[in-house]
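# Chains, contacts and geometry: an overview
This is what each chain is made of:
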Protein chains: 2
Amino acid sequence: MRYERTHDCGTLTAKAIGKRVLLAGWVHRRRDHGGLIFIDLRDRFGVTQIVFHPETDAALHERAGALRSEWVIAVEGEVVSRGPGMSNPKLSTGEIEVNVTHMRLLSEAKTPPFSICDESLNVGEELRLKYRYLDIRRGKVSRALEVRHQAMLAARNFLDQQNFLEITTPVLGKSTPEGARDYLVPSRVYPGNFFALPQSPQLFKQILMISGMDRYFQIATCFRDEDLRADRQPEFSQIDIEMSFGRPETLFPIIEQMMDAIFQKCLDRGLQTPFRHLTYAEAIEAYGTDKPDLRFEMPLVRIDALAARSEFSVFKEQLALGGVIKGLCVKGGASASRKKIEEYTSFVGKQGAKGLAWIKIQPEGPTSSIVKFFDPDLLSEIVHTMNGEAGDLLLFVASDATTTNSALDHLRRHIAHEMELIEEDSFALAWITDFPLFTWDAESDNFACEHHPFTSPHAEDLALLDSDPLQVRSSSYDLVLNGYELGSGSQRIHDSDLQEKIFGLLKLSKATIEERFGFFTEALRYGTPPHLGIALGLDRLIMILTGAKSLREVIAFPKTQRATDLMTEAPSAVMQEQLTELKIHVELPE
Amino acid sequence: MRYERTHDCGTLTAKAIGKRVLLAGWVHRRRDHGGLIFIDLRDRFGVTQIVFHPETDAALHERAGALRSEWVIAVEGEVVSRGPGMSNPKLSTGEIEVNVTHMRLLSEAKTPPFSICDESLNVGEELRLKYRYLDIRRGKVSRALEVRHQAMLAARNFLDQQNFLEITTPVLGKSTPEGARDYLVPSRVYPGNFFALPQSPQLFKQILMISGMDRYFQIATCFRDEDLRADRQPEFSQIDIEMSFGRPETLFPIIEQMMDAIFQKCLDRGLQTPFRHLTYAEAIEAYGTDKPDLRFEMPLVRIDALAARSEFSVFKEQLALGGVIKGLCVKGGASASRKKIEEYTSFVGKQGAKGLAWIKIQPEGPTSSIVKFFDPDLLSEIVHTMNGEAGDLLLFVASDATTTNSALDHLRRHIAHEMELIEEDSFALAWITDFPLFTWDAESDNFACEHHPFTSPHAEDLALLDSDPLQVRSSSYDLVLNGYELGSGSQRIHDSDLQEKIFGLLKLSKATIEERFGFFTEALRYGTPPHLGIALGLDRLIMILTGAKSLREVIAFPKTQRATDLMTEAPSAVMQEQLTELKIHVELPE
């Protein structure tokens, strides 16, 4: 008997009744009932119920009796109606079943270490990763991989329509240690020399603009040898984009339309464009973070001036120290118990805030332990400034700006989850612009780049490069989705003198510049168009689109947090001959 | 003045006359003529002639006078007709020019080390690779990159329509030394352990079939640390495909339609399907090679039985030694000079053939030094068997089968090029099937795989595995295009017992199997569908589609034959700290 299917297991409907079909797939579930054997036959496309009748073929019925979970079979038979009251509306094939007349066993299966058919079963992640092929069969990961495929294809087709070309840049690149650690690859031809796996195609894509390629993209695999935080992967994918002769205002609608195309393809719904815009300063001020979750409001409100007029020493001391007082208005939060407020206080304590002041706006007026430090007019000014109404709870942190912002950002999101303020399946996208060009790096006692050293300073701030570099804004932008930084980009420096000036401020020596970026600064001198770009985290996007809890759920074969592949057991020891050829030697501690 | 274009440099036609436009690009060519300055302004999309009139703006005209090749400018002006007799039919924009009223200099350029505008100029490859960004501007590489983009997108969209999902497999994989050398990546977290860059996603794609993903593809970057032959790259791209529940006959039309879609998109022409089929044995017999160039015929003809009846001792001795006598019929070749035939003889000599017998079919009858060894009837039988006609030249090699086939294969292609038998822009695709499963590897004194150890033996030859493994054909297939092996694939082994038997014949110890493939042989036991696949060389395909002479012409940033990137100077030395962290030490020879 052949095994080439006439249909997949998700296709047959009542229209096919009477047809002879050939299906193939895995034994998903089996039920023996009244002498009949019912099997849910599964493939990537769905599940079809097949039935073995003893009277059709006794020997076949006996063979069917021996089938076990996850065995692979091909069956031939006739499509019949399940009969009234027997259909399963949850299945695309729920109206029919197939009366099997022939069966071929294609492959037996050992008993899986966990159930495939019970998706809700909570299986330890180590076991799932070791048997990834069984985990994928369970459905959740395979659906994420399907969305991932759709998203990549939608992005590619959209960018193609916009005249972007997908150009593959090298994986075997040059080590330019910046930011994260490079993964290194020893060269056999030039012993003692190494390639590095790219942390991003940044320089290559800028070189492509210098090459006149005008509009480039790539779904690029990038690598970082980091100590993996909760949810990072040593190799990850980004939708990498660069264009010439444009400005951020040229790029924004392109990315917005691309995101819309991806959402349409994957979720069958569009996005509202243009996206909201916030400067970095505005985002920090109103949400305490540069990646605010905008699916709900509850902004941070600064009350420095009002607090200064109070008698509350905690506030006044912080102001004297140069700190800030900011608060949140929790709508309908006035019913919070003392215990709940203590819990909030302890929550912000973990973010470094020494206390949490609160005011409940009761029908009879504001109450709280600190009310007495504020005269009634001042109090009502505060309530008004915070948009407070009867029934609301106001929460305040007084500390240095960083701590205050961080504590209230965390508290804001915590309360939103707790109070279920976030609409399910809602997506809030925003551009955050005008980041500072530099931050101050205490360790190296020097400027460090907020983005990377190829980011253009804001045109209006060029003069500040000499007088006050930390005040210089960059011509950069992040795309934020539901509180995640989905992407980051900038207008690039296209002037070699300005590029050298930035390298100078970073205190890179001429020798270091030459060694690491010499080819690039040279290239800049041969006619470089103004250009800009962005890189969007594909894994993160798919995670958000599918509602997955971790990047590991949307990558076919992810690494663990210790950067290992539990299925193949990589990394692994290699043969001594391999190392000898590379002229490298491993020096293990005793 | 802004620099955001209203049009690119390949767009403006007579329809735009009278419009004000803003263009940006590179100064391609400049001509000063009658007080006017004409500049060909270039971007990726084309060239537009712009004109600076002294009377429009004397200062502007003077600034235009300072422009040099490859400077980047933006210009604003009015589209005007070039006037009768002045249009350039070779350019899409040849009917118009732009009278410039405003100009912004965006970037100056150093004098390039070679001319950008003269594409015909022969520039040394080292210089071109060092200044790849300038080389790309010259047009040839950028056009190849555009075709590459189109081909990738056409393949992706076609495979998507056929329900294949693109799934990314890991780059940081496990070292399973087979065939070529692995590139290794030291693990920092587990010192002394290494990742390997994939030589292909073979095991992962088979695991995806075991995962139930059914139809997978990926445009995958693969890596081989080989001593690079004439035209290999350490990293290369393949269109990698795998499907379940199919047979070669299921896969062939899919690949044929995909190729057709690629040709339609890239060259605006379809392919004749189905492709020609030849078994390995037929290909060797008729063309002396398993990758015949079928753009022309001129088959090899075996005349063993006829030669045995001659008195020609050279032929008879070879037959006695177990050799073969095969010949070519060169249509219209009878006019070849003695010198030409000597040249052919020396040509086959380089392939190991000790001599080349020849017969010219003159109007008066066959002539040659060996005619006297054949009686006239035998001679006319030979001429008839070879499809010889008056005016043809017959050439014969007598040697062992390998030498005879190789010599005549090379000679056949040599003569076809010399006599221009190959139609320009013609493409001949064919499937070569039924390769031997094993070859004999003299060095290891054991069987080696012709394809790879996961290739299924031909169903009809299973019994031979025990009795005569070298006679076993595999269920494999190559796709051949114009004499290049474009792709290679097979039905895979989906039975774990058979897989172990093959590993056994390859004399892999249980420990080695377990160490290298343990996860895979384990996976095979959990319900593996019959599956098969193919991998097609993308770089090679683009090379053939664009008529390029080398893979380096169709890769944006290729490596040299010494596996270096001349532009970035990778590989390079790295900082000692990086090696210390990895616990590796380089041992250079004194």
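Within every chain, residues take consecutive numbers counted from 1 along the sequence as written. Note on labels: chains are lettered from A, ligands numbered from 1, in written order. Reporting of local features is limited, given that this is a predicted model, to residues whose pLDDT is at least 70; pairs of side-chain atoms are given and counted only at 80 or more, and all residues count toward the totals for whole chains, interfaces and linings. The side-chain values count all of the structure's non-hydrogen atoms but skip hydrogen atoms and water molecules.

### Topic: the overall build of chain A
Numbering goes from the N terminus for both helices and strands, where a helix is a DSSP run of H or I of at least four residues and a strand is a run of E of at least two. Secondary structure summary: chain A contains 17 helices and 23 strands in total. Only protein chains enter the accessibility calculation, which uses a 1.4 Å probe; a residue is then buried when its area is under 20% of its type maximum, exposed when over 50%, and partly exposed in between. Counting all 590 residues of chain A, 58% fall into the buried class. Residue exposure ignores everything except the shown protein chains as possible cover, and the areas themselves are Shrake-Rupley values with a 1.4 Å probe. Here chain A has roughly 24,400 Å² of accessible surface; of this, 49% comes from carbon and sulfur atoms. By the counting rule applied here, Lys and Arg register as positive and Asp and Glu as negative, while His and the ends of each chain are not counted. Taken as the charge centre is NZ of Lys, CZ of Arg, CG of Asp or CD of Glu, depending on the residue. In chain A, 66 side chains carry a positive charge and 84 a negative one; their mean positions are 5 Å apart.

### Focus on the packing of helix α14 (residues 496-505) of chain A against helix α15 (residues 510-524) of chain A
To describe two helices that pack against each other, one gives the angle between their axes and the distance between the axes. Residues and elements named next belong to chain A. Axis definition: a line fit to C-alpha positions, over the contact stretch in the case of helices; interaxial angles, taken between N-to-C directions, run 0 to 180 degrees. The geometry of α14 relative to α15 is characterised by a closest axis approach of 11 Å and an angle of 160° between their N-to-C directions. In terms of axis orientation, α14 runs roughly antiparallel to α15. Along this stretch, α14 crosses α15, giving a crossing that reads as right-handed. Here Ser496, Gln499, Glu500 and Phe503 of α14 lie close against α15, whose contacting residues are Lys510, Ile513, Phe517, Phe520, Thr521 and Leu524. Residues are sorted three ways: Asp, Glu, Lys and Arg are charged, Ala, Val, Leu, Ile, Met, Phe, Trp, Tyr, Cys and Pro are nonpolar, and all the rest, Gly among them, are polar. When grouped by side-chain class, the residues that make up the contact of α14 with α15 number 5 nonpolar, 3 polar and 2 charged. Each angle gets one of four labels, with under 35 degrees taken as roughly parallel, over 145 as roughly antiparallel, 65 to 115 as roughly perpendicular, and the rest as oblique. Should the near helix be turned anticlockwise from the far one by less than a right angle, the crossing is left-handed, and should it be turned clockwise, the crossing is right-handed. By definition, residues are in contact when any of their heavy atoms lie within 4.5 Å.

### Quick look at the interface of chain A and chain B
In many analyses, interface size is given as the accessible surface area lost on bringing the parts together. Counting residues at the interface gives 129 residues for chain A, matched by 129 residues for chain B. In this description, buried area is defined as the sum, over both parts, of the accessible area (probe of 1.4 Å) that is lost when the two are combined. Between chain A and chain B lies a buried interface of about 11,400 Å² when both sides are counted; carbon and sulfur atoms form 61% of it. Of all residues in chain A, A:Arg44, A:Phe245 and A:Tyr526 give up the largest surface area on contact with chain B, accounting jointly for 8% of the area buried on that side. Salt-bridge detection follows one rule: a side-chain nitrogen of Lys or Arg within 4 Å of a carboxyl oxygen of Asp or Glu. Between chain A and chain B we count 14 salt bridges in total.

### Some thoughts on the packing of aromatic side chains
Residues and elements named next belong to chain A. The aromatic pairing rule takes the rings of Phe, Tyr and Trp, using the six-membered ring of Trp, and pairs them if the centres are within 6.5 Å, calling planes under 30 degrees apart stacked, those over 60 edge-to-face and the rest tilted. Under the criterion given, the structure shown has 44 aromatic pairs over all chains. Measuring from centroid to centroid gives 6.1 Å for tyrosine 131 and tyrosine 133, while their planes differ by 75°, and the two rings are edge-to-face. Across the pair, tyrosine 133 and tyrosine 131 agree in class, each one buried. Each residue in the set Phe312, Phe315, Phe373, Phe374 and Phe396 is aromatic and connected to the rest through ring pairs, giving one cluster.

### Some points on the relation of the copies chain A and chain B
Least squares is used to superpose the copies, and the fit set is the C-alpha atoms of residues whose pLDDT is at least 70 in both copies. In the superposition of chain A on chain B (RMSD 0.1 Å, axial shift 0.0 Å), the rotation amounts to 180°. Accordingly, the operation relating the two chain copies is best matched by a two-fold axis. Of the interface residues in chain A, 100% have counterparts in chain B that sit at the interface too, so the contact is made through matching surfaces.

### Description of the domain arrangement of chain A
For the purposes of this description, domain bounds are those given by an automatic or database domain assignment. Taken domain by domain, chain A comprises domain 1 (14-107), domain 2 (143-278 + 430-553) and domain 3 (296-422). One C-alpha centre belongs to domain 2 of chain A, the other to domain 3 of chain A, and the line joining them spans 38 Å.

### With respect to helix α1 (residues 58-65) of chain A
Residue and element names in this part refer to chain A. When we look at burial in α1, the residues that qualify are Leu60, His61 and Ala64. The arc that holds every buried residue of α1, seen down its axis, measures 100°, which confines them to one face. Away from the buried face of α1 by more than 90 degrees, exposed residues Ala58, Ala59 and Glu62 are located. Buried residues along α1 sit in contact with β1 (20-33), β2 (36-43), β3 (46-52) and β5 (96-107). The definition of a polar contact used here is a pair of N or O atoms within 3.5 Å, where within protein one atom must be able to donate a hydrogen and the other to accept one, and adjacent residues in sequence count solely through side-chain atom pairs. The N-cap residue of α1 is aspartate 57: its side-chain oxygen and the backbone nitrogen of alanine 59 are 3.1 Å apart. As used here, the arc is the angular range of directions from the helix axis to the C-beta atoms.

### Here's the deal with the environment of A:Tyr280
Residue and element names in this part refer to chain A. Position of tyrosine 280 among the secondary structure elements: in helix α7 (residues 280-287). Along the sequence, tyrosine 280 and proline 436 sit 156 residues apart, while their C-alpha atoms lie 8.0 Å from each other. Residue contacts for tyrosine 280: discarding those within four places in its chain leaves Asp290, Ile432, Thr433, Asp434, Phe435 and Pro436.

### Some words on the confidence of the model for chain A
Mean pLDDT for chain A: 95, with 99% of residues reaching 70 or above. This complex was scored by the predictor with a pTM of 0.96 and an ipTM of 0.96. Confidence scores per residue from the predictor, reported as pLDDT, run from 0 to 100.

### Focus: the sheet that holds strand β9 (residues 215-223) of chain A
Residues and elements named next belong to chain A. Only strands joined by at least two bridges in the DSSP assignment are considered to pair. The 8 strands lie next to each other as β6-β9-β10-β22-β21-β20-β17-β11, forming an open sheet whose pairing is mixed. Two strands close off the open sheet at either side, each with one partner strand: β6 (165-166) and β11 (276-279). Packing of helix α6 (residues 248-267) onto the sheet brings it into contact with β9, β10 (235-244), β11, β17 (429-433), β20 (476-481), β21 (484-491) and β22 (531-537), and relative to β10 it is tilted by some 135°.

### Quick word on the environment of B:Leu67
All names here are of chain B. Looking at the secondary structure, you find leucine 67 in the loop between α1 (58-65) and β4 (72-81). Leucine 67 sits 38 residues away from leucine 105 along the chain, and the two C-alpha atoms are 8.8 Å apart. The contact partners of leucine 67, leaving out residues within four places of it in the chain, are Val27, Arg30, Ile39, Phe52, Ile73, Met103 and Leu105.

### Side note on the pattern of salt bridges
All names here are of chain A. In this structure the tally under the stated criterion is 89 salt bridges over all chains. Residue aspartate 304 is joined to arginine 302 by a salt bridge in which the shortest nitrogen-to-oxygen separation is 2.8 Å. One salt-bridge network, held together by shared partners, links Arg128, Arg132, Asp135, Arg138 and Glu553.

### Overview of the side chain of A:Ser572
Inspection of the secondary structure assignment puts A:Ser572 in the loop between α16 (538-546) and α17 (576-582). If we ignore the near neighbours within four places in the chain, the residues touching A:Ser572 are B:Lys174, B:Asn193 and B:Phe194.

### Looking at empty space enclosed by the protein
The rule is simple: put a 1 Å grid over the protein atoms alone, call a set of points where a 1.4 Å probe fits but cannot get out a cavity, call an open set with protein on both sides within 12 Å along at least five of seven lines a pocket, and count a residue as lining if it has an atom within 4 Å of a point. Grid points are joined across faces, edges and corners, and a volume is the space filled by probe spheres set on the points. The final tally for this structure, using the stated rule, is 6 cavities of 30 Å³ or more. Of the voids in this model, the largest cavity is the one considered here, and its volume is about 510 Å³. Around the largest cavity, the lining comprises 33 residues; the ones closest to its centre are A:Ile219, A:Ala220, A:Thr221, B:Ile219 and B:Thr221. Sorting the residues of the lining of the largest cavity by element identifies α4 (140-161) and β9 of chain A together with α4 (140-161) and β9 (215-223) of chain B as the ones contributing at least two each. Among the elements that line the lining of the largest cavity, the one with the most residues is β9(A), at 6 residues.

### Looking at helix α6 (residues 248-267) of chain B
Residue and element names in this part refer to chain B. For α6, with 20 residues, the first-to-last C-alpha span of 27 Å sits near the 28 Å given by 1.5 Å per residue. Inspection of α6 places Pro248, Leu251, Phe252, Ile254, Ile255, Glu256, Met258, Met259, Ile262, Phe263 and Cys266 among the buried residues, and these make up the whole buried set. Just downstream of α6, aspartate 268 is the residue with a positive phi angle, here 60°. Expected span, for any helix, means 1.5 Å times one less than how many residues it has.

### Considering the pairing of β5(A)
All names here are of chain A. In this structure, β3 lies alongside β5, joined through 2 bridges in parallel fashion. Note on β5: the bridge partner recorded for valine 51 is asparagine 99. Pairing analysis gives 10 bridges linking strand β4 (residues 72-81) to β5, with the strands arranged antiparallel. Note that in β5 the partner of serine 81 across the bridge is isoleucine 96.

### A short note on the state of the cysteines
The term disulfide is used for any two cysteine sulfur atoms that are within 2.5 Å. Considering all chains together, one arrives at 0 disulfides over all chains under this definition. The thiol of B:Cys222 is unpaired, and the distance to the nearest cysteine sulfur, on A:Cys222, comes to 18 Å.

### A few points about unusual backbone geometry
Note the cis peptide between A:Thr273 and A:Pro274, where omega equals -10°. Positionally, A:Pro274 belongs in the loop between α6 and β11. Backbone torsion omega between A:Ala570 and A:Pro571 reads 0°, so that peptide bond is classified as cis. Note that A:Pro571 resides in the loop between α16 and α17. At B:Asn482, a position not held by glycine, the phi torsion is positive, near 50°.

### Notes on the sheet that holds strand β3 (residues 46-52) of chain B
All names here are of chain B. Strand order in the closed barrel formed by 5 strands is β1-β2-β3-β5-β4, with mixed pairing between adjacent strands. Ignoring strand direction, the axes of neighbouring strands in this sheet form an average angle of 55°. Judged from the 7 bridges that link them, strand β2 (residues 36-43) and β3 form a sheet pairing that is antiparallel. Directly across from leucine 41, in β3, lies its bridge partner threonine 48. Running over the sheet, α1 touches β1 (20-33), β2, β3 and β5 (96-107) and is turned about 70° from β5.

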